[in-house]
Amino acid sequence: MTLLATVLLVVTMMVAIADWIAVAKDQRSIEYLLKPLVMVGLIGIALSFNDIDSTAQILLVVGLFASMVGDVFLMIPRNYFLYGLSAFFVAHVLYIAALIALGVTPIGFLIGIAVMVVVAGFFGLRIVQKAKTSGMSAPVAAYMLILSIMVAAAFGTGIVVAAIGAVLFAASDTIIGWTKFVKEFPRSRTIVMVTYHLGQLGLVLALL
């Protein structure tokens, strides 16, 4: 890792921690600033890496940008959940392509699928069922499918940090779905942000 990447990593994690604190204290105005700023930092980190697969790097960076767009849609007061979901759907397609560029083995991919089948069995089906009441079951199911493929692709790379990042990302999204369609629980927003940022960081570090 270059010196620039290291500095950006430290600064980005400081911003992320500040965002987690803002979320925990429900300081929305601060969160509106810091949450996208974390993504800007992650994009900077990904761009600062040298001697890596350039195709994977470009795909991941564009995916991070799509995630940032999704963040903005989910943050603003109006109900733009479907727009945010769509932006993250695009992000996962790009992440999958980036992970494939890094190299995916069939055995690792199947292990990842098995993990997500368990998650879907415990949480996914309930979320999709509850989403029917708001007419969101189809897009939510489609999103869970692409998320599962992303996790499987991360496992398929054999890169530990990628698999951990993908699982954390899936945990974050599962909690969002659960709290939106099934039931709220204490500190859910804080847990979502911590797992989300660490998940994205894991995918970025997979480039190394």
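Values in this document were obtained by computation on a predicted structure and should not be read as measured data.

Turning to the overall build of the chain, a few remarks are in order. When helices and strands are tallied, the chain shows eight helices and zero strands. Radius of gyration (C-alpha) of the chain: 16 Å, near the 17 Å computed for a compact globule of 208 residues. A burial count over the chain gives 47% of its 208 residues as buried. When the accessible surface of the chain is summed, it comes to about 10,000 Å², and 73% of that surface belongs to carbon and sulfur atoms. For the chain, the distance from the average site of its 11 positive side-chain charges to the average site of its 8 negative ones is 15 Å.

What follows is about the packing of helix H1 (residues 3-24) against helix H2 (residues 28-48). The geometry of H1 relative to H2 is characterised by a closest axis approach of 9 Å and an angle of 160° between their N-to-C directions. The angle between H1 and H2 places the two elements in the roughly antiparallel class. Note on packing geometry: the crossing formed by H1 with H2 is left-handed. Across the interface between the two elements, Leu4, Ala5, Leu8, Leu9, Thr12, Val15, Ala16, Ala18, Asp19, Ala22 and Val23 of H1 pack against Ile30, Glu31, Leu34, Lys35, Leu37, Val38, Gly41, Leu42, Gly44, Ile45 and Ser48 of H2. Of the residues that constitute the contact of H1 with H2, the class distribution is 15 nonpolar, four polar and three charged.

Core analysis: the largest hydrophobic core is formed by 58 residues, its most contacted members being Leu42, Leu64, Tyr95, Val140, Met150, Phe169 and Val204. Mapped by element, the contributors of at least two residues to this core are H1, H2, helix H3 (54-75), helix H4 (81-102), helix H5 (106-131), helix H6 (137-157), helix H7 (160-181) and helix H8 (188-205). A per-element tally of this core places H6 first, with nine residues. Leaving out residues up to four positions away in the same chain, tyrosine 95 has contacts with Leu60, Gly63, Leu64, Ser67, Met150, Phe169, Gln200 and Leu203.

Right, let's talk about H1 for a bit. The end-to-end C-alpha distance of H1, which contains 22 residues, comes to 32 Å, matching closely the 32 Å that a straight helix rising 1.5 Å per residue would cover. Where H1 is buried, its residues touch H2 and H8. Two residues or fewer past H1, aspartate 26 is found with a positive phi of approximately 60°.

Here we come to the packing of aromatic side chains. Using the criterion set out here, one finds ten aromatic pairs in the structure. Consider the rings of phenylalanine 81 and phenylalanine 181, whose centres lie 5.8 Å apart with planes at 80°: the pair is edge-to-face. In this pair, phenylalanine 81 is assigned in helix H4 and phenylalanine 181 in helix H7, connecting sequence segments 100 residues apart. Given a relative accessible area of 12%, phenylalanine 181 falls into the buried group. Taken together, a centroid distance of 6.4 Å and an interplanar angle of 45° make the contact between phenylalanine 122 and phenylalanine 123 tilted. For phenylalanine 122, a relative accessible area of 62% gives the class exposed. Taking relative accessible area as the criterion, phenylalanine 123 reaches 38% and is therefore assigned partly exposed. Feature note: the residues Phe88, Tyr95, Phe169 and Tyr196 constitute an aromatic cluster, connected by ring pairs. Above the face of the phenylalanine 81 ring, lysine 180 is positioned so that its terminal group lies 4.6 Å from the ring centre. Over the ring of phenylalanine 181 we find lysine 180, and its NZ or CZ is 5.8 Å from the ring centre.

Time to look at the packing of H3 against H8. Interhelical geometry of H3 versus H8 gives an angle of 165° and a closest axis separation of 11 Å. By the angle between their directions, the pair H3 and H8 is classed as roughly antiparallel. The interaxial crossing formed by H3 with H8 has left-handed handedness. Across the interface between the two elements, Leu60, Leu64, Ser67 and Asp71 from H3 touch Tyr196, Gln200, Leu203 and Val204 from H8. A per-class count over the contact of H3 with H8 returns five nonpolar, two polar and one charged.

About the thresholds
Residues numbered from 1 in each chain as written. Predicted model: local features only at pLDDT ≥ 70, side-chain atom pairs only at ≥ 80, totals over all residues. Heavy atoms only, no water. Helix = DSSP H or I, 4+ residues; strand = E, 2+ residues; numbered from the N terminus. Rg over C-alpha atoms; globule rule 2.2 N^0.38 Å. Buried < 20%, exposed > 50% of the residue type's maximum accessible area, 1.4 Å probe, protein only. Areas by Shrake-Rupley, 256 points an atom, 1.4 Å probe, with all protein chains shown as cover. Lys, Arg positive; Asp, Glu negative; His and termini not counted. Charge placed at Lys NZ, Arg CZ, Asp CG, Glu CD. Axes fitted to C-alpha atoms, helices over the stretch in contact; angles between N-to-C directions. Parallel < 35°, antiparallel > 145°, perpendicular 65-115°, else oblique. Left-handed = near helix turned anticlockwise from the far one by under 90°. Contact = heavy atoms within 4.5 Å. Nonpolar A, V, L, I, M, F, W, Y, C, P; charged D, E, K, R; others polar. Core = buried A, V, L, I, M, F, W, Y, C linked by side-chain atoms within 4.5 Å. Expected span 1.5 Å × (residues − 1). Phe/Tyr/Trp six-rings, centres within 6.5 Å; stacked < 30°, edge-to-face > 60°. Lys NZ or Arg CZ within 6 Å of the ring centre and 35° of its normal.

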